[in-house]
Amino acid sequence: MDAAQEWLDAAFAAEVRPPRILFFRLLNAAAELGDLAAAERVYGRADELGVFVNTSAYSMLIKAAAKNGDLPSAERWFRRSEEAGVGADAKTFTLLINAAAREQDTEAAERWFRECQRAGVQDERAYRGVIAALSKAGGSAEATERLLLQAAEEGIAPSEFSLNIVMSGLAKAGNLERTEHWFQEGSRLGLAPEVATCKCAIKAAADQGDLPTAERWVRRINATGIQPDAQALTVIISSLAKLGQLGHAGHWFHTACSNRIQLEPCAVNNLFNEAIRRDKLEMAQAWLDDAQQARMAVSNEVLAALVEGAARRGGIAAAEALFRQACLRGLQPTVETFNVLIKAAAKAGDYVLAELWFQRLRSTGKSPDQGTFDALIQSMGRRGDLRAAEQWFERAQAAGAKPGVETFNNLLHAAARASNLTAARQFYDLGIRSGLQPDIATFTSLISAAGRAGNPAAAEEFLAMAEAAKIAPDVVVYNTLLQAYALSGEMPAAETLFGRLRAEYAVEPTLWTFTMLISGYARLGNVDSASAWFGRMERSGFTATAEQYNQLLRACAAAKPPSAELAEELFRQLTARGIVPTDYTRIHLKSALGEQRLERMLASDTAAREVKAASDKVGGLDSAGQIALFKAFVNEQPIRDRSSVLAARAEK
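Below or above, wherever it landed, is the structure these notes cover. The structure displayed is predicted, hence computed values, not measured ones. Numbering of residues starts from 1 in each chain and follows the order in which that chain's sequence is written. In keeping with the model being predicted, local features are shown solely for residues with a pLDDT of at least 70 and side-chain atom pairs are shown and tallied solely at 80 or more, while totals for entire chains, interfaces and linings include all residues. Derived side-chain values reflect all non-hydrogen atoms in the structure, with water molecules and hydrogen atoms excluded from consideration.

1. With respect to the overall build of the chain
Here is the rule we go by: A run of DSSP states H or I qualifies as a helix once it reaches four residues; a run of E qualifies as a strand once it reaches two. Both are numbered from the N-terminal end. Exposure classes here rest on a 1.4 Å probe applied to the protein chains alone. A residue is buried below 20% of its type maximum, exposed above 50%, and partly exposed in between. What makes two residues a contact is simply this: any of their non-hydrogen atoms within 4.5 Å.
Along the backbone of the chain there are 36 helices and zero strands. When the 652 residues of the chain are sorted by exposure, 48% land in the buried category. The long-range share in the chain, meaning contacts at least 24 apart out of those at least 6 apart in sequence, stands at 66%.

The following block contains the structure:
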């Protein structure tokens, strides 16, 4: 443009009159570049020669100003055209409207649109410009839709561009009904929705939990024949995952992987996390294969969550298998990943393996954090090994780890499992000196420790401490206090506490609440009271399990003399209800009946029916299998061994 200006100046210096068309070409070039200064210089030279200037010339000057974002100058040249008596056409107004739209000046865009209407030259381009202006400036979807309706009244058919802006705006506003209306209107006119419009509708439908609508818009993307881009696939996958449509979401994920489209991390995380939440680990593992082939990154957080999900569902063996698979797919295990495996091993009761995973963590060169030590302290507490829990706490301190409330709660739990009230008090005091802010779990463990130690007075003291600390006890705390009373045989106090649950504390009893009362009376051999609470439990809407029946059998065994007839009747009820007997069922039944009566029960016809009911839970055995089950039951073979033996027999 500078060189052209120089040649124009040279022509003027040589008194050569350039042709009229040259001025228009130079004006057009300056307008395309958004170079208003150059356009004005060209216009000035043309004016010196008296070259006739028409609507097109003014449009080019306005365009140069508009492209430069100079709205005042654009308006200045528009007013000069009016003064010159040159009428603006639809193209000129569209330039002004679009310039205002780019600057997100909705007021200016609407003002120019009104002037366009007064001039009577509005066309689809003008409507398109003002609709775009409103959309860019965050105008309401209803306002853009009104413009489209107004255009329709004037017989101006919408363009695909305008239609998609309106549909996208309505979808973003959550108005799926009007979005569908304009889709149908567009279809009638042969206008197709863009992928971006479909994306907005899918997201809106997902946010509203409207699966049929989301799927309908996904099908419309398919119908366009256009491959969705990474952004569109991100919305589709995230929305379908949110609606629980993991199969469909997985299809689109596979499509992205097959086409080497790198999705946004949020889509990958949403998909995998939803699968983990819904326990669809097989799907997630298949997606891992897709991601590996497409070299698509899967975050360490997702991989660690998969390992944790496997641990939750299948125990340590499943967690280890998935851990190996994830490592092959690029997992760089973090300390948290190892913590998950340590917890899984501890939960499985494999404390040696838990310590082995700790050693493997150390072998990677990473330093265990407080979460690592908390997992190990918790695992030792679970097996009631208070000394081992203390040793891991000491190692945590030596490693410089900073204990938190979870650390001390795990220590308190270990002390409670070990029935060591003294140690529980010491850990609590140490925690307070360390800045511990006790929570409800802290006091639950303290009350449990007191109960297991046979000290209900201390349990009441800890409850009072919780209330003084402004911690509102929940049903778990009250159940733990009930357990303390039950273990100490203080059943009047237990019944009083039960009566206050709803009346004073607004707490609803749970199945465990009734179990504590039944077990308390069972320990005392009080069959009538234990049975009364059992009946009250069922009338309250709770379904009895083996645990409550075992407590009643325990009451029968502890009664003086043992209540053998009731024990037999209870066992018949248990098996008739399809409840599988446990090791404790066997122990208490044998104590209540004695070996001889148990043998007679085995020989009776009734016994065969009872055993069949129990064996059906194991897996439909023949008569020999039923007798084998009951003999195993009588001969004290552990239930876990019995199940595997009978399963093998059933296969045979």
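Past the structure itself, the notes keep going.
2. So, the packing of aromatic side chains
Remark: the centre distance and the inter-plane angle together describe each pair of aromatic rings, the angle taken between the planes. The following threshold applies: Centres within 6.5 Å make a pair out of two Phe, Tyr or Trp rings, where for Trp the six-membered ring is used; the pair is then stacked when the planes are under 30 degrees apart, edge-to-face when over 60, and tilted otherwise.
Under the defined criterion, the tally for this structure stands at 17 aromatic pairs. Between Phe 358 and Trp 392 the ring centres are 4.9 Å apart and the planes differ by 75°, which places this aromatic pair in the edge-to-face class. Pair noted here: Phe 358 is in helix α20 (residues 351-363) and Trp 392 is in helix α22 (residues 386-398), with a separation of 34 residues, a long-range link. Residue classification places Phe 358 among the buried positions, given a relative accessible area of 0%. Every member of this aromatic cluster is reached through a ring pair, and the members are Phe 498, Phe 514, Trp 533 and Phe 542.

3. Considerations on unusual backbone geometry
One can expect most non-glycine residues to show negative phi and most peptide bonds to be in trans. For the bond from Lys 560 to Pro 561, the omega torsion is -5°, close enough to zero to count as cis. Its location among the elements puts Pro 561 in the loop between α31 (546-558) and α32 (564-576). Within the chain, Lys 470 stands out as a residue other than glycine whose phi angle is a positive 60°. Structurally, Lys 470 can be placed in the loop between α26 (456-468) and α27 (475-488). The exposed category is assigned to Lys 470, whose relative accessible area is 77%. For Ala 506, which is not glycine, the phi torsion reads 55° and is therefore positive.

4. Topic: the side chain of Ser 73
Note that Ser 73 resides in helix α5 (residues 71-83). By relative accessible area, which is 9% here, Ser 73 ends up buried. Apart from residues lying up to four places away in sequence, Ser 73 is in contact with Leu 36 and Ala 65.

5. Description of the pattern of salt bridges
Worth spelling out the cut-off: Think of a salt bridge as a Lys or Arg side-chain nitrogen and an Asp or Glu carboxyl oxygen that are within 4 Å of each other.
With the rule as written, the count across this model stands at 14 salt bridges. Between Asp 385 and Arg 383 there is a salt bridge whose closest N-O contact spans 3.2 Å. The exposure class assigned to Asp 385 is partly exposed, which follows from its relative accessible area of 25%. Here Arg 383 falls in the partly exposed class, since its relative accessible area comes to 39%. One salt-bridge network, held together by shared partners, links Glu 274, Arg 277 and Arg 278.

6. Notes on helix α12 (residues 195-207)
Short version of the rule: What a helix should span is 1.5 Å times the count of its residues minus one.
Taking 1.5 Å per residue, 13 residues should reach 18 Å; α12 reaches 18 Å between its end C-alpha atoms and fits that length. Within α12, ten of the 13 residues are buried, which leaves it mostly tucked inside the rest of the structure. Taken together, the buried positions of α12 are Val 195, Thr 197, Cys 198, Lys 199, Cys 200, Ala 201, Ile 202, Ala 204, Ala 205 and Ala 206.

7. Topic: the side chain of Ser 448
Here Ser 448 is to be found in helix α25 (residues 440-452). On the basis of relative accessibility, which here comes to 13%, the residue Ser 448 falls in the buried class. Apart from residues no more than four positions distant in its own chain, Ser 448 is found in contact with Ala 416, Thr 480 and Gln 483.

8. Comments concerning the nonpolar core
The nonpolar side chains of soluble globular proteins are, as a tendency, buried together. Let me state the cut-off plainly: By nonpolar core we mean a set of buried residues, namely Ala, Val, Leu, Ile, Met, Phe, Trp, Tyr and Cys, connected to one another through side-chain atoms within 4.5 Å.
Phe 253, Leu 263, Phe 272 and Leu 306 are the most contacted members of the largest nonpolar core, which has 149 residues in total. Here the element with the most residues in this core is helix α18 (residues 300-328); it accounts for twelve residues. With sequence-adjacent residues up to four places away left out, Leu 306 is seen in contact with Phe 272, Ile 276, Leu 281, Ala 284, Leu 288 and Leu 322. Listed in part, the 27 residues of the second largest apolar core include Phe 24, Leu 26, Ala 39 and Ala 46.

9. Structural notes on the packing of helix α14 (residues 230-242) against helix α15 (residues 246-258)
Put simply, the test is: For helices, the fitted line uses only the C-alpha atoms of the stretch in contact; every axis is such a line through C-alpha atoms, and the angle between N-to-C directions lies from 0 to 180 degrees. What sets the label is the angle itself: under 35 degrees gives roughly parallel, over 145 gives roughly antiparallel, 65 to 115 gives roughly perpendicular, and the rest give oblique. Each crossing is labelled by how the near helix is turned from the far one, with a counterclockwise turn of less than a right angle marking it left-handed and a clockwise turn marking it right-handed. The nonpolar class holds Ala, Val, Leu, Ile, Met, Phe, Trp, Tyr, Cys and Pro. Asp, Glu, Lys and Arg form the charged class, and all remaining residues, Gly among them, are polar.
Viewed as axis vectors pointing N to C, α14 and α15 meet at an angle of 155°, and their least axial separation amounts to 8 Å. The orientation of α14 with respect to α15, classified from their angle, is roughly antiparallel. The interaxial crossing formed by α14 with α15 has left-handed handedness. From α14, Leu 233, Ile 236, Ile 237, Leu 240 and Ala 241 reach across to α15, where they touch Leu 246, His 248, Ala 249, Trp 252, Phe 253 and Ala 256. Residue composition of the contact of α14 with α15, by class: ten nonpolar, one polar and no charged.

10. Some details on the packing of helix α24 (residues 421-433) against α25
Relative to each other, α24 and α25 sit at 155°, their axes nearing to 8 Å. With respect to each other, α24 and α25 are oriented roughly antiparallel. In the crossing of α24 with α25, the sense of the turn from one axis to the other is left-handed. Judged by residue contacts, Leu 421, Ala 424 and Tyr 428 of α24 engage Thr 442, Phe 443, Leu 446, Ala 449 and Ala 450 from α25. The class makeup of the residues in the contact of α24 with α25 is seven nonpolar, one polar and no charged.

11. Remarks on the environment of Cys 198
Of note, Cys 198 is situated in helix α12. Remark: the alpha-carbon pair of Cys 198 and Ala 214, spanning 16 residues in sequence, is separated by 9.0 Å. When near neighbours in sequence (up to four residues on either side) are disregarded, Cys 198 contacts Pro 193, Trp 217, Arg 220 and Ile 221.

12. Points about helix α28 (residues 491-503)
Heads up, the condition is: Picture the helix axis, draw a direction to every C-beta atom, and the arc is the one those directions span.
In this model, α28 (13 residues) spans 19 Å end to end at C-alpha, consistent with the 18 Å of a helix rising 1.5 Å per residue. Of all the positions in α28, only Met 491, Ala 494, Leu 497, Phe 498 and Leu 501 are classed as buried. For α28, the buried positions fall inside an angular range of 110° around the axis, keeping them on one side. Facing away from the buried side of α28, by more than 90 degrees, are the exposed residues Pro 492 and Ala 503. Next to the buried residues of α28 lie α27, α29 (511-523) and α30 (527-539).

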